[in-house]
Amino acid sequence: MLSLALVTPLRKRIEKNLRRIEDTIAAACARRGRSEREVSLVAVTKSVGIEAIAAAVDVGLTDLGENRVQRLTERAAELEAVLQRRRSARARGVRWHMVGHLQRNKVRAVLDVARVIHSVDSLRLAEAINARAEQAEMVVDVLVQVNCSQEPQKFGVAVGAAAYLGELVSTLRHLRLTGLMTMAVQSRNPEKARPSFVRLRELFEEMRRDGIGG
């Protein structure tokens, strides 16, 4: 059990950081003439303790992500136990995202917890998710992962094949294609990452014009 003396400073620190990030998002949206409501902030909980995750939920970060299946299921169970013990009203608003590579044999475990999958990179994976979602009588939000940096060690469909995969995913009744995801070149220099995100945006606009996705 965490003491209030430990939780309160942690919560205040997370809340301060959250407000700073929200201000950055608001400024970026203002420059582009977009609404802040169009942007969803997902807090990836990798390497963070359960007390920090619970504090993040307390201040309004209810979209949470993990990149490993076992870690996702463990974290979701731990967080649910903490929030239930606190009788937190936020518990019902938590939505888990699978943001890492997903193997077909782990789809069932992921869908027991997550409602958004960011890493669909093949039709076979999409079909496996759709089949499990049909059994569970649910519709799952998915993103097609695109390898915009063209690095051989990265997962993701090739840029030239992304629209075709997106079109096929859109035909699966228990999936809702909501967007695209990419991992840019890892660098401290943001300019090296920018081309990957620019290309992803161009691809997104092309697919939207062609009526692919929701």
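Throughout what follows, the structure given in this document is the object of discussion. Keep in mind that what you see is a predicted model, and the values were worked out from it rather than measured. (Residues numbered from 1 in each chain as written. Predicted model: local features only at pLDDT ≥ 70, side-chain atom pairs only at ≥ 80, totals over all residues. Heavy atoms only, no water.)

1. Focus on the packing of helix α2 (residues 50–58) against helix α3 (residues 69–86)
Condition: Orientation is described by lines fitted to C-alpha atoms, with helices fitted over the stretch in contact, and by angles between N-to-C directions that extend from 0 to 180 degrees. Comment: elements are numbered from the N terminus, with helices defined as DSSP H or I runs of at least four residues and strands as E runs of at least two. Should an angle fall under 35 degrees it is taken as roughly parallel, and over 145 as roughly antiparallel, whereas 65 to 115 is taken as roughly perpendicular and any remaining angle as oblique. By convention the crossing between two helices is left-handed if the near helix lies anticlockwise of the far one by an angle smaller than a right angle, and right-handed if it lies clockwise. Every residue pair with non-hydrogen atoms within 4.5 Å of one another is taken to be in contact. When residue character is reported, Ala, Val, Leu, Ile, Met, Phe, Trp, Tyr, Cys and Pro are called nonpolar, Asp, Glu, Lys and Arg charged, and the others, Gly included, polar.
The N-to-C vectors of α2 and α3 enclose an angle of 60°; their axes lie 10 Å apart at closest approach. Between α2 and α3, the angle is such that the two are oblique. Here the hand of the crossing between α2 and α3 comes out right-handed. Where α2 abuts α3, its residues Ile50, Ile53, Ala54, Val57 and Asp58 lie against Arg75, Glu78, Leu79, Val82, Leu83 and Arg86. Considered class by class, the residues forming the contact of α2 with α3 number seven nonpolar, no polar and four charged.

2. Comments concerning the pattern of salt bridges
Just so we agree on the cut-off: For this analysis, a salt bridge means a side-chain nitrogen from Lys or Arg found within 4 Å of a carboxyl oxygen belonging to Asp or Glu. Per-residue accessibility, obtained with a 1.4 Å probe over protein chains only, is compared with the maximum for each type, and a residue is labelled buried under 20%, exposed over 50%, and partly exposed between these values.
Evaluation of the coordinates by the stated rule reveals 16 salt bridges. The residue Asp141 makes a salt bridge to Arg176 at a minimum N-O spacing of 2.6 Å. Of this pair, Asp141 sits in strand β5 (residues 140–145) while Arg176 is found in strand β6 (residues 175–181), placing the two residues 35 residues apart along the sequence. By relative accessible area, Asp141 is classed as buried at 12%. Two residues, Glu151 and Lys154, come together in a salt bridge whose shortest N-O distance is 2.4 Å. Of the residues examined, Lys154 reaches a relative accessible area of 22% and is grouped as partly exposed.

3. Some details on the pairing of β5
What counts here: Any two strands are treated as partners once DSSP identifies two or more bridges connecting them. When the strands point away from the viewer, a crossover counts as right-handed if the path from the first strand over the helix to the second runs clockwise.
With six of its six residues buried, β5 lies for the most part within the structure. Burial along β5 is two-sided: the face carrying Val140, Val142 and Val144 and the face carrying Asp141, Leu143 and Gln145 are both buried. Inspection of the sheet shows β5 paired to β6 by six bridges, in the parallel sense. Bridging from a neighbouring strand, Val142 pairs with Leu177 of β6. Tracing the backbone out of β5, into helix α6 (residues 159–169) and back to the parallel element β6 gives a crossover that is right-handed.

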